[in-house]
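# Examination of the molecular architecture
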Amino acid sequence: MAKQLLLIDGNSIVFRAFFAMHNQIDKFTNKDGLHTAAIYGFKLMLDHVLANFHPDAALVAFDAGKVTFRTKMYGDYKGGRSKTPEELTEQLPYVRELVKDSGLHSYELKGYEADDIIGTLAKEGDDAGYETLIVTGDRDLTQLASEHTTVAVTHKGVTDTEHYTPEHVQEKLGITPAQIIDMKALMGDTSDNYPGVTKIGEKTAIKLVKQFGSVEGIYENIDKLKKSKMKEHLIEEEKIARQCKTLATILRDAPVEIKLADLEYKGPQTEKLIDFYQKMDFQSFLKKMAVSPDDQDTETAPIEYTELTADNLDLVAKLGDRGSFYLEMPDPNYHTSPFAGFALGNDKQWLVSRDPELLKTPELKSWLTDSKIKKDVFNAKAQIVGLNRLGIALDGIDFDLLLASYLLNTNDNSNDLGKLAHEHGYDDVQTDEEVYGKGAKRAIPDDDQLFFQHLANKARAIEQLRPQLFEQLKKNEQLPLYTDIELPLTQVLAKMEITGVHVDAQTLKNMGSKLTERLTEIEEQIYQEAGEEFNINSTKQLGKILFEKLKLPVIKKTKTGYSTAVDVLEKLAPQAPIVENILQYRQISKLQSTYIKGLLKVIHSSDQKIHTRYLQTLTQTGRLSSVDPNLQNIPVRLPEGRLIRQAFVPSHEGWQIFSSDYSQVELRVLAHITGDHNLQEDFKNGEDIHASTARRIFHLKPDQEIDRNMRRRAKAVNFGIVYGISDYGLAQRIHVSRSQAHEFIQNYFKEFPKVKDYIHNTIEFARQNGYVETITHRRRYLPDINAKSFSRRSFAERTAMNTPIQGSAADIIKIAMIKMQDELEKRQLKAKMLLQIHDELVFEAPKEEIPVLSKLVPDVMDSAVKLSVPLKVDSKYGDTWYDLKK
DNA sequence: CAGCTCACG
DNA sequence: ACGTACGTGAGCTGT
């Protein structure tokens, strides 16, 4: 077998590793405060590569300083790059140490980049009959692919790689590896900062290269090109194109002194590695090395447990004043899930059982309800609701692993305890999938040993992770967010979910039959107009009818075919009566399937109520979401849909529905966090904000009237600002030209200069820190903020400015909910909080309490936090959710 | 299971 | 040259 050569592009892998883990940057520091994410990532990559590739020779190439023959040739080469963060550079010496201890050679060459070293050695390898694997984070190296050289480019993280062979390059780009150089010469490279030829991007570059073979080929045949702007640019910029080609070409003959024979791979030096991992605090790698190399899989540290029975319940009281508790509910819907078993305890003793009935015994019940005994759990709300079904009021919750993880990183929201624990570097617990299986095979194991071990492992994981997570919350200044907002909110949400909302099934059924009739009528008309029967719900079949059979103009396409979305159909409506009918059909069938049938399915027969679940650890902004069913998107905008709300009624005779909502809360938050004087003044003066925005951006005189169209446009601009505006997007929405939209935005920024500053500063903050935060220090990491891809980066920039606004608004209503629940209980009101819909709270209450709520709820809501502008709250009430009036 | 469409703030 | 406004959940079709 041919000898194998491994060449690693050190700098690019380190970069990739660093940025891939940037959103967990704080998790990766050792005792001395050294950041270790890049080192860790590099090690992961190394393990991954060596698992599949067994090199005889191996080398990691590094860049040597900034000055290379390329910068000498072209001063701006790699210019304009932001400085490498200190957190990364400090890791480089340790990466080299890791490389050495892992038995690989490293090498750098003054005046040359790592690429050139790799290019040169790969060529030597090719000539000497080696099979070569190049590992890099840089796509440019794919130009080195050959029959015996494969280039593995890391994708998302550092272990996910795409292997480029000449065939793969051909498949993806339609050109040879060598022609990648020509392509890059023409299109330029923004990250290396050389320009290429004006107006030529990837598509055009590939086309030209395919046609003429190379940059040189193009200029030999330049006369064959038709007269065009592109041709002019090519001629004008010939010198640049040829120079860029040199810049893009990786050297195959750099003066590398090291020889292949010097690169023998000897394997890792175990003892040095152990020392190194200890220095880095890499516990998981250390653990793997300690166990025998052939079974280092998913084994967890063994755990001793005691099965709890009616005869040994005295063990519970001996646990002391703190312990983990875990009640296993195999279905995600904890309102209805069966109970499979539970575990509790602490490092002194772990107690487990399959029998939920034991929880009702005095010994366990008093342990669970005693507020002085601190409990650590995973998903407190699920545990509270589950235990409530057994008649037990869980109290004394101190640590919720799920909630804390989510606050530290909104992406850590897996409902699987095992997965989440692994995210935090704790491996002594398996995932549910590993123990229970997945899909149809998923089941609680019959084997007691297996099941109890898993339960005990979960309880232990919670306990073990608590100090570490509290420490991180503290470091992020998030302890008050956890202690004073999210954890108390869990209790409030649990109460709302348990209360549920009364829904009258008969009302829904009556509406349903009417809708069915209308649906049949419309269906017949559509079939007649189409001249055949087809499935109207199928966008594919509908597209065929509209755009092929009826030959209507195609306005928009989706990835898979014709778009038939509302905005498209609205444009087509004047041209064919069928379109109006389809729109009608869509509207009604949506009501029928999602709201009539959907809601009927989830009314509990025991109490005629719907019990939604609020997901507290899902959204990236800090909002809640609602599932099974979603009660945050019950129709309201269109009159036909709004009728659904007639079915939402109070649960007692003589009660009413009461609702309060924040007015323009996001724009008020914007005024507050930007500190913009004009915006703040408008709110302080109690202006109609869209109208006053119109007055400002359209430069109206004080006595001039604001017509509805102006207000509508100004409102769209306000929304746009909050969402991260683009002139194109605004133009689409309010049907004006792009340049007009551009002008509106410019005017806005002139009138509200601090809003402009805010956008700029927030994006800059995100670039520096990798995250943004709300008024309560809720965090969202934005790994794409420094992405090369324009669209990914732009998206991250829009989220960077939107998240603090949407998220702070979410913070405000959460605080209001906690205070509100507190007031209801303190005043011993019968009223119940039922729903939260982002800026609105819905209650049910006896008629007599309506006057109390009319004052209390707005008072609590508008004083929830003190902003530099007033918060405004509007209230309504009525006999059903439909009939709300001021 | 992904993609489309549409309900809400 | 990119591909367009932020955050969600659910039902349906078709691979």
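The shown structure was predicted, so the numbers you read here are calculated from the model rather than taken from an experiment.

What follows covers the protein's contact with DNA strand B. Inspection of the region around DNA strand B gives 23 residues, with Thr564, Val566, Arg586, Val636 and Asp839 positioned closest. When the atoms of DNA strand B within 4 Å of the protein are grouped by moiety, sugar and phosphate amount to 73% of the total. At a separation of 2.8 Å, a base oxygen of DNA strand B approaches a polar side-chain atom of lysine 590. Of all the elements, helix H26 (residues 577–601) adds the most residues to the surface near DNA strand B, at 3 residues.

Tracing the backbone through its elements, the reader meets threonine 149 in strand S5 (residues 149–154). Threonine 149 gets classed as buried once you look at its relative accessible area, which sits at 1%. Only 3.0 Å separates the side chain of threonine 149 from the side chain of aspartate 126, close enough to count as a polar contact. Once you skip the residues sitting within four places of it in the chain, threonine 149 turns out to touch Ala122, Asp126, Thr132, Ile134, Leu144 and Tyr164.

Turning next to the pattern of salt bridges. Pairing between side chains becomes possible if they bear opposite charge and their charged atoms approach one another. Per the stated rule, a full pass over the model turns up 39 salt bridges. Linking lysine 556 and aspartate 567 is a salt bridge whose minimum nitrogen-to-oxygen distance equals 3.2 Å. Placement of the pair is lysine 556 in the loop between helix H24 (539–549) and helix H25 (566–572) and aspartate 567 in helix H25, with a sequence separation of 11 residues. The closest approach of N and O atoms between arginine 738 and aspartate 727, which form a salt bridge, is 3.2 Å. Separated by 11 residues along the polypeptide, arginine 738 in helix H33 (residues 738–751) and aspartate 727 in helix H32 (residues 727–734) bring together distant segments of the chain. One network of salt bridges, in which partners are shared, links Arg322, Asp376, Asp398 and Arg466.

Right, let's get into the pairing of strand S21 (residues 840–846). Among the 7 residues that make up S21, 7 are buried, leaving the element largely enclosed by the rest of the structure. Summarising the sheet, strand S17 (residues 655–663) and S21 pair through 7 bridges and their orientation is antiparallel. In the sheet register, tryptophan 655 faces S21, and the bridge partner there is proline 846. Across 4 bridges, the pairing between strand S20 (residues 832–836) and S21 is antiparallel. Its bridge partner being in S21, glutamine 836 is matched across the sheet by leucine 841. Hairpin connection of S20 to S21: 3 residues between the antiparallel strands, including histidine 838 at a positive phi of 70°.

Let us look at the UniProt feature "domain: DNA-directed DNA polymerase family A palm" (unreviewed entry) in chain A. When the UniProt feature table is mapped to this numbering, "domain: DNA-directed DNA polymerase family A palm" (unreviewed entry) covers residues 641–849. Here residues 641–849 is 58% helix and 13% strand, with 29 Å between the C-alpha atoms at its ends.

Analysis parameters
- Residues numbered from 1 in each chain as written.
- Chains lettered and ligands numbered in written order.
- Predicted model: local features only at pLDDT ≥ 70, side-chain atom pairs only at ≥ 80, totals over all residues.
- Heavy atoms only, no water.
- Near = heavy atom within 4 Å.
- Polar contact = N/O pair within 3.5 Å; in protein donor to acceptor, adjacent residues only side chain to side chain.
- Helix = DSSP H or I, 4+ residues; strand = E, 2+ residues; numbered from the N terminus.
- Buried < 20%, exposed > 50% of the residue type's maximum accessible area, 1.4 Å probe, protein only.
- Contact = heavy atoms within 4.5 Å.
- Salt bridge = Lys/Arg side-chain N within 4 Å of Asp/Glu carboxyl O.
- Pairing = 2+ DSSP bridges.
- UniProt positions renumbered as here; feature names shortened; annotations may be inferred.

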